[in-house]
Structure formats: structure tokens, C-alpha cells
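Residue-level structure breakdown
Each chain is listed here by its residues.
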Amino acid sequence: MNLFDFLEQQDDQWPAVISQLLPRVHTVDRDALRIWFGVWPLPWHALAHNPASRPQFEKYYQVNGNYRLINQVDTSHRFLYGHRYWGPVKSAIGAASGEQHLMATVEQIALASKAPLEFGLGMAAIGLMTLRQVGWEAWGTPPDSAVTNAVTAHRHSPEAVLRARASDYSPSLAERLRGKRSTPRVVCDEQAADGWFPLIPSQHITTAAELDKRPHHLSDPRCYEGMGIIPVDCRSGACGTCWVGILGGQENLSEITPFERQRMDYFGYFDAPGLDSGSSRPLLRLACQAQAFGSVSMVIPPWNAVWGKSRRERAGQDATITL
Ligand code: FES
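Please read these numbers as outputs of a predicted model, since none were measured by experiment.

**Section: the overall build of the protein chain**
In terms of regular secondary structure, the protein chain is built from 14 helices and 9 strands. C-alpha extents for the protein chain along the principal axes are approximately 65 × 50 × 35 Å. Contacts spanning at least 24 positions in sequence make up 72% of the contacts within the protein chain whose residues lie at least 6 apart. Charge centroids of the protein chain, computed over 31 positive and 32 negative side chains, lie 5 Å from each other.

**Regarding the environment of Pro 282**
When you line up the elements, Pro 282 lands in the loop between helix 13 (258–267) and strand 6 (284–286). Here Pro 282 falls in the buried class, since its relative accessible area comes to 1%. Sequence-distant contacts of Pro 282, defined by excluding residues within four places in its chain, comprise Ile 256, Phe 270, Asp 276 and Ser 277.

**Section: the packing of aromatic side chains**
By the definition in use, this model includes 20 aromatic pairs. An aromatic cluster is built from Trp 40, Trp 44, Phe 57, Tyr 60, Tyr 61, Tyr 67, Trp 243, Tyr 266, Phe 267, Tyr 269, Trp 303 and Trp 307, whose rings are joined through pairwise contacts. Here the guanidinium or amino end of Arg 84 rests over the ring plane of Tyr 81, the centre of that ring lying 4.0 Å away. One Lys or Arg, Arg 185, reaches over the ring of Trp 196 and ends 5.4 Å from the middle of that ring.

**Observations concerning the sheet that holds strand 8 (residues 296–299)**
The strand order across the open sheet formed by 5 strands is 3-2-8-5-6, and the pairing between neighbours is mixed. Of all strands in the sheet, those bounded by a partner on one side alone are strand 3 (196–198) and strand 6. On average, each strand axis in the sheet is inclined to that of its neighbour by 35 degrees, with strand direction left out of account. Here strand 2 (residues 185–187) pairs with strand 3 via 3 bridges, running antiparallel. Each bridged residue has a counterpart across the sheet, and for Arg 185 the counterpart in strand 3 is Pro 198. The sheet strands contacting helix 3 (residues 27–39) are strand 5 (243–248) and strand 6, and the helix crosses strand 5 at an angle near 165 degrees.

**Regarding the domain arrangement of the protein chain**
When cut into domains, the protein chain gives domain 1 (3–40 + 76–153) and domain 2 (165–310). Summarising the inter-unit geometry, the C-alpha centres of domain 1 and domain 2 are found 26 Å apart. Counting residues at the interface gives 16 residues for domain 1, matched by 19 residues for domain 2. In total, about 1500 Å² of surface goes out of reach between domain 1 and domain 2, with carbon and sulfur atoms giving 61% of it. Three residues, Arg 34, Ile 35 and Val 39, lead the burial of domain 1 against domain 2; their summed loss comes to 35% of the area buried on that side. Counting across the interface, domain 1 meets domain 2 through 2 salt bridges. For Asp 189, the salt bridge goes to Arg 78, with nearest N and O atoms at 3.5 Å.

**With respect to helix 13**
Looking only at helix 13, the buried set comprises Glu 260, Arg 263, Met 264 and Phe 267. Projected down its long axis, helix 13 carries its buried residues within an arc of 100 degrees, all on one side.

**Considerations on the packing of helix 6 (residues 86–94) against helix 7 (residues 102–113)**
Across the interface, helix 6 lies against helix 7 with an axial gap of 8 Å and an inter-helix angle of 125 degrees. Taken together, the axes of helix 6 and helix 7 are oblique relative to one another. For helix 6 against helix 7, the interelement crossing comes out right-handed. Counted together, Pro 88, Val 89, Ala 92 and Ile 93 of helix 6 and Ile 109, Ala 112 and Ser 113 of helix 7 form the full contact between these two elements. Partitioning the contact of helix 6 with helix 7 into residue classes produces 6 nonpolar, 1 polar and no charged.

**Some thoughts on the pairing of strand 5**
With 6 of 6 residues buried, strand 5 lies mostly within the body of the structure. Across 3 bridges, the pairing between strand 5 and strand 6 is antiparallel. Its bridge partner being in strand 6, Val 244 is matched across the sheet by Arg 285. Pairing of strand 5 with strand 8 involves 3 bridges; the strand directions are antiparallel. Looking at strand 8, one finds that Gly 248 is bridged to Ser 297.

**Notes on the nonpolar core**
Ranked by internal contacts, the top residues of the largest apolar core, which has 86 residues, are Trp 44, Ile 205, Met 298 and Trp 303. If one sorts the elements of this core by residue count, helix 8 (residues 117–134) sits on top with 9 residues. When residues are assigned to domains, this core turns out to be shared by domain 1 (3–40 + 76–153) and domain 2 (165–310), each giving three or more. Not counting the four nearest positions on each side in its chain, Ile 205 is found in contact with Val 186, Phe 197, Ile 230, Leu 253, Ala 287, Ala 290, Ala 292 and Met 298.

Criteria and thresholds
Residues numbered from 1 in each chain as written. Predicted model: local features only at pLDDT ≥ 70, side-chain atom pairs only at ≥ 80, totals over all residues. Heavy atoms only, no water. Helix = DSSP H or I, 4+ residues; strand = E, 2+ residues; numbered from the N terminus. Contact = heavy atoms within 4.5 Å. Lys, Arg positive; Asp, Glu negative; His and termini not counted. Charge placed at Lys NZ, Arg CZ, Asp CG, Glu CD. Buried < 20%, exposed > 50% of the residue type's maximum accessible area, 1.4 Å probe, protein only. Phe/Tyr/Trp six-rings, centres within 6.5 Å; stacked < 30°, edge-to-face > 60°. Lys NZ or Arg CZ within 6 Å of the ring centre and 35° of its normal. Pairing = 2+ DSSP bridges. Axes fitted to C-alpha atoms, helices over the stretch in contact; angles between N-to-C directions. Domains from an automatic or database assignment. Buried area = accessible area lost by both parts, 1.4 Å probe. Salt bridge = Lys/Arg side-chain N within 4 Å of Asp/Glu carboxyl O. Arc of directions from axis to C-beta. Parallel < 35°, antiparallel > 145°, perpendicular 65-115°, else oblique. Left-handed = near helix turned anticlockwise from the far one by under 90°. Nonpolar A, V, L, I, M, F, W, Y, C, P; charged D, E, K, R; others polar. Core = buried A, V, L, I, M, F, W, Y, C linked by side-chain atoms within 4.5 Å.

And the structure:
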């Protein structure tokens, strides 16, 4: 059977597949994998894939940013260590068919890619979910591994990445001689040497981000000039713009409050399998509500929306509109 046709029949299998996969995925990518599935859940795809009127859809659900996976087939998973194996995994998916159940298909693709299984499995799952959402037409050819590696600055071992994750900034010898001290920080791009901003412990993450005056609005139009790398619109939990995925340092964050949890649920950000949304420090947070008491490493999703109302509409709790 054509792999895409097969995947269309497997939607209800994903929660079980993700929970079976997680223990077999390298620790460095375990939370990253859950965050990826949290940023690109199937219910969001179902809603955003083909509205009758895209402008009306974006206005109604207050959608901002690069919210379609179809535009990011080769890059959406860049924050995973396993991203370096995307080329071979994508090739293996291109040659696969859908004859077995979903878990067996993930395993078959991971093996065929020849990537180490602890990375190949997660990337195969991401690849299959990507294909499920974008279809063959937008799938494209596998990128050359040199191209993939050019954006993969995880040049150290996974263990070294784990050790460095959510670590304080450590100044060089020359900087120390000039009196610079180590400082807590928020890392928002683990793959860029300067992908972080300093933190004064107990600050809300967006408050710390605001002190970083680099021109982040040039790379993400959702950002305001001089207001930091995290897009914000309200700083009060009202808009849902500032959601982030926490890769490391969850323990350094304040516990989620009933208000933040209620807002995350309202925005729709907890509508994905594999998220520990009931935990006191879940993987997805509102950066304007979470206080950081030590270094944190995180991912900024490329889009935001208030789409939890689609769930309530389906349940008949809100008036439905046709888009
Ligand atoms: S900035 Fe609006 S919810 Fe955080």
C-alpha cells in the first residue's frame, strides 16, 4: 500500500507509538521528540490544512507565524540531535511502503536509514508524521547530509550536549581575566554559540528576554524590535504568543499555576499526545508566566494560535463558525 494512504489510516495509533518509542530514544532527544509532536499535533493539522478561507481562518484562531509544516519539511526538527540523520531517514521513508502496523513501519524505516537506532527511531516517527501532514507532493528530495550538517551545530557527543544543556554561561579565560563571571542564562537555540540571553534568577522568561536588544524581529516577524527573541503580545497569559518548549532545566522553572495551565488548555497547546500536561512542570510553558530560577534550555515554536476553541466547538460548547 502507498505509504501516505497507509498513514491516513493510522491516526489513532500515534499516542501508543510515541509512548512505546520514548524509552528507546536517546535521552538527549526524548523531551525534544515530545516537544516536536506537541508543536505539530494532528488536530492542528486537521484544522489548519485546508480552511475554505485562509485569511478568515487565521483571524478567527488568531494564528501568527509559520504555522504550516509544509513549509518546514526539512527544518522543523532542527533542534533534535537526531536531525543530522534526516537525509537517510527521509530517503528510507521515500522507499518504504505501508504494509505493517505503524510501530513496525517506524522501526523498519529507522533500520533502513542505518542511523543509530536511538536517533533513527525518533526521526523516523517525525518523518512519518511529517509525510502524513504534508503529503508526497510537498515531500521533496532528501537533503544532502552536508546540507543537514551545516545547520547542525550539535557537534559534540549527545552526552556533552546533555551536560551543557541548561548550564550557566561560562566565560573564557580572557573574559574571566577581564572580570566576567559565569551567569545563568536562557538558551533558545542550542546550536548557535550566541543563541542565549542572560537571566537574573526569579525573572519571568520574557522579562529576561526583553533585555536582549539584538534585532530578532528580522528573523521572526512576530517579534517586536528591541523586545527580545520570544514573541509576546500581552505578558499576562491572555494571547498565547509566548509558548515555548523546555528542553532542559525544567526543575529551574516555577511550577505551573492553575491560571497558566488553564490558559495553555484554552489556547490548545496541550492538545497533543505524549505531553506531560498534568505535570507540575510540563514541557510546554507560557514564557510570560514561567519564572526561571536557574539556567534553562528551550525551543521557540514558529507559530502561535488560539485554537483550543476548535475542540470546544467540536464538543458543542462554543458556537461553531464555518471557515
Ligand atoms: S505574552 Fe501573551 S500569553 Fe504570554
